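Each chain, written out:
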Amino acid sequence: MKFWRNREIEERTSARLAEYHRMTGWEIEPPVPVELLAERLFDLRLLYEPFVDAPGFFVPAAFEPATRTIVVNENHRAAFDDKPGLERFSVGHEVGHWDLFESNADKSSGSLFGDTATGTRMNCRTVGNIEARFIPGIWRDDGSYEVLSYLERVTDSPTVASAVNRYAGALLMPRNLLREFFDFYDITSWTCLRAVAESFGVSISALKVRLEKLGWVCVAADGSLVKCSREEYAGQQRISF
Amino acid sequence: MDITSFGNRVRELRKAKGLTQKDLAASVKLDFTYISKVETGKADPPGEDVVRRLAKALGADPEELVYLAGKVPKALRGVVASSSAIPVVFRALRDGTIDDEELKSLVEALRARKQKGK
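Everything numeric here is computed off the predicted structure, so don't read it as measured data.

Q: How should I be thinking about a negative patch on the surface in this particular structure?
A: Residue and element names in this part refer to chain A. Where like charges cluster on the molecular surface, the negative patch consists of Glu27, Glu29, Glu180 and Asp183. Position of aspartate 183 among the secondary structure elements: in the loop between α7 (175–182) and α8 (190–200). Overall, aspartate 183 belongs to the exposed group, its relative accessible area being 55%.

Put into structure tokens, the structure is as follows:
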């Protein structure tokens, strides 16, 4: 399984957004139209259908490679209505599976689904039994993204989960568009971050993670936002001690 | 009737207009989950009135969508019901005992006969 570096993911998502713009003539503005992008660029289908989570699992979406269908779990509609960013991120996550690991151009990356002609459904972002106690409130607080990410790390292949989540983050929050916003918004203000998150149709947690990945901001020990990368912040901490 | 042809056409038209399933659903007052099921062939097409609303929102030919949805347009229902021959024609078309070309020839022959009678 290929390991996707941050730079490669940034390049891939930028290229996809540019391709979408060329194809449609439509300007890419936040919120990035992830559903249309999935349909126009990859001819993926979107189906809202209830499916039962395996006991102790939280499964917001699944992917059927044989029919190129992203299946969004209708049973979690209340969660999606409450947190639209969760649904959009889940769709972006599934697009990432397709683009990074399934599309014809990248067969060398290896398929997650084995024989894609068999109609296998890949349930994504599942949560193991041990962590079931977190699930009922998973989408109700700003820490949901971290909880979900952690649970994915313990249930999914870390390589795949990391790559598709970084892909979803980069697709939904393109670097250049974020840059334009932070020319006007204070990146160290949680209030501003909430406004930006709303504009991009993502959760505040997903935005925070994206900004940290970009090295633009870091959450200090006291919860305040510092304008530097996590590494730089850690360095400063070491120096101050 | 192949319900996927209706769904595929709706999806094709929607994509061309740059509408999401949610955009389209809101404009015709349907649930977006139903639109997604119709497009993927998981649900039957809606009734004629809704099909016409969809056609309007998509800028499409309503007759084409009504036809693909396998509906008999309201305007033709009375005609269909008034003739015992029409179901026979439909059954023959369905069973393949006559094809479209033969049907056209038959209509032409009937017209010619009528003209000749005048």
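Q: Which parts of the structure should I look at to understand the pattern of salt bridges?
A: Two side chains carrying opposite charge are able to pair once their charged atoms lie near each other. Using the criterion set out here, one finds 23 salt bridges over all chains in the structure. Two residues, glutamate 39 of chain A and arginine 14 of chain B, come together in a salt bridge whose shortest N-O distance is 2.4 Å. In this pair, glutamate 39 of chain A sits in helix α2 (residues 34–42) while arginine 14 of chain B sits in helix α1 (residues 3–17), so the two residues belong to two different chains. The same class applies to glutamate 39 of chain A and to arginine 14 of chain B, which are both buried. Its salt-bridge partner being lysine 15 of chain B, residue aspartate 43 of chain A comes within 3.4 Å of it at the nearest N-O pair. Residue aspartate 43 of chain A is found in the loop between α2 and β1 (45–49), and its partner lysine 15 of chain B is found in helix α1; the two belong to separate chains. What makes lysine 15 of chain B buried here is its relative accessible area of 15%.

Q: Even after reading the chapter, I still don't get the packing of aromatic side chains, so can you show me in this structure?
A: We describe a pair of aromatic rings using the distance from one ring centre to the other and the angle between the two ring planes. Evaluation of the coordinates by the stated rule reveals five aromatic pairs over all chains. Each ring, one from tyrosine 48 of chain A and one from phenylalanine 32 of chain B, has its centre 4.8 Å from the other, and the planes form 80°; the classification is edge-to-face. Highlighted residues: tyrosine 48 of chain A in strand β1 and phenylalanine 32 of chain B in helix α3 (residues 32–39), drawn from two different chains. Phenylalanine 32 of chain B sits in the buried class, given a relative accessible area of 13%. Each ring, one from phenylalanine 181 of chain A and one from tyrosine 185 of chain A, has its centre 5.9 Å from the other, and the planes form 15°; the classification is stacked. Judged by its relative accessible area of 31%, tyrosine 185 of chain A is partly exposed. Here the aromatic residues Phe181, Tyr185 and Phe200 of chain A are joined through ring pairs into a cluster of three or more.

Q: Before we go on, may I ask you to explain the side chain of threonine 13 of chain A in this structure?
A: All names here are of chain A. By the element assignment, threonine 13 lies in helix α1 (residues 6–24). When its relative accessible area of 1% is taken as the criterion, threonine 13 is described as buried. Among the polar contacts made by the side chain of threonine 13, one reaches the main-chain carbonyl oxygen of glutamate 10 at a distance of 3.2 Å. With residues up to four places along the chain from it excluded, the contact list for threonine 13 reads Tyr167, Ala170 and Leu171.

Q: Hey, could you run me through unusual backbone geometry in this one?
A: The omega angle of the peptide bond from proline 30 of chain A to proline 31 of chain A is 0°, so this bond is cis rather than trans. Its place among the elements puts proline 31 of chain A in the loop between α1 and α2. With phi around 50°, arginine 68 of chain A is a residue other than glycine that occupies positive phi space. When you line up the elements, arginine 68 of chain A lands in the loop between β2 (61–64) and β3 (69–73). Relative accessible area serves as the criterion here: at 29%, arginine 68 of chain A is assigned to the partly exposed category. A positive phi angle, close to 60°, is found at lysine 29 of chain B, a residue other than glycine. Here lysine 29 of chain B shows up in the loop between α2 (21–28) and α3.

The rules behind each value
- One numbering rule holds for all chains: residues counted from 1, following each sequence as written.
- Key to labels: chains lettered from A, ligands numbered from 1, both in the order written.
- Note on the predicted model: pLDDT of at least 70 is required for a residue's local features to be given, and 80 or more for side-chain atom pairs to be given and counted; whole-chain, interface and lining totals, by contrast, use all residues.
- Values reported for side chains reflect all heavy atoms of the structure, with hydrogen atoms and water molecules removed beforehand.
- Distance thresholds for patches are 9 Å for like charges and 5 Å for nonpolar side chains (Val, Leu, Ile, Met, Phe, Trp, Tyr), applied to residues having over 30% relative accessible area and no salt bridge.
- Each accessible area is a Shrake-Rupley estimate made with a 1.4 Å probe; only the visible protein chains count as cover when residues are assessed.
- What counts as a salt bridge is simple: a side-chain nitrogen of Lys or Arg found within 4 Å of a carboxyl oxygen of Asp or Glu.
- Only four residue types enter the tally: Lys and Arg on the positive side, Asp and Glu on the negative side, with His and both chain ends excluded.
- Positions of charges follow a simple convention, taking NZ of Lys, CZ of Arg, CG of Asp or CD of Glu.
- Put simply, DSSP H or I for four residues or longer makes a helix, DSSP E for two residues or longer makes a strand, and each gets a number counted from the N terminus.
- Burial here depends on accessible area, computed with a 1.4 Å probe over protein chains only, as a share of the maximum for the residue type. Under 20% is buried, over 50% is exposed, and the range in between is partly exposed.
- Think of it this way: a Phe, Tyr or Trp ring, Trp meaning its six-membered ring, pairs with another when their centres are within 6.5 Å, and the plane angle makes it stacked under 30 degrees, edge-to-face over 60, tilted otherwise.
- The definition of a polar contact used here is a pair of N or O atoms within 3.5 Å, where within protein one atom must be able to donate a hydrogen and the other to accept one, and adjacent residues in sequence count solely through side-chain atom pairs.
- For this analysis, residues touch if any pair of their heavy atoms sits within 4.5 Å.

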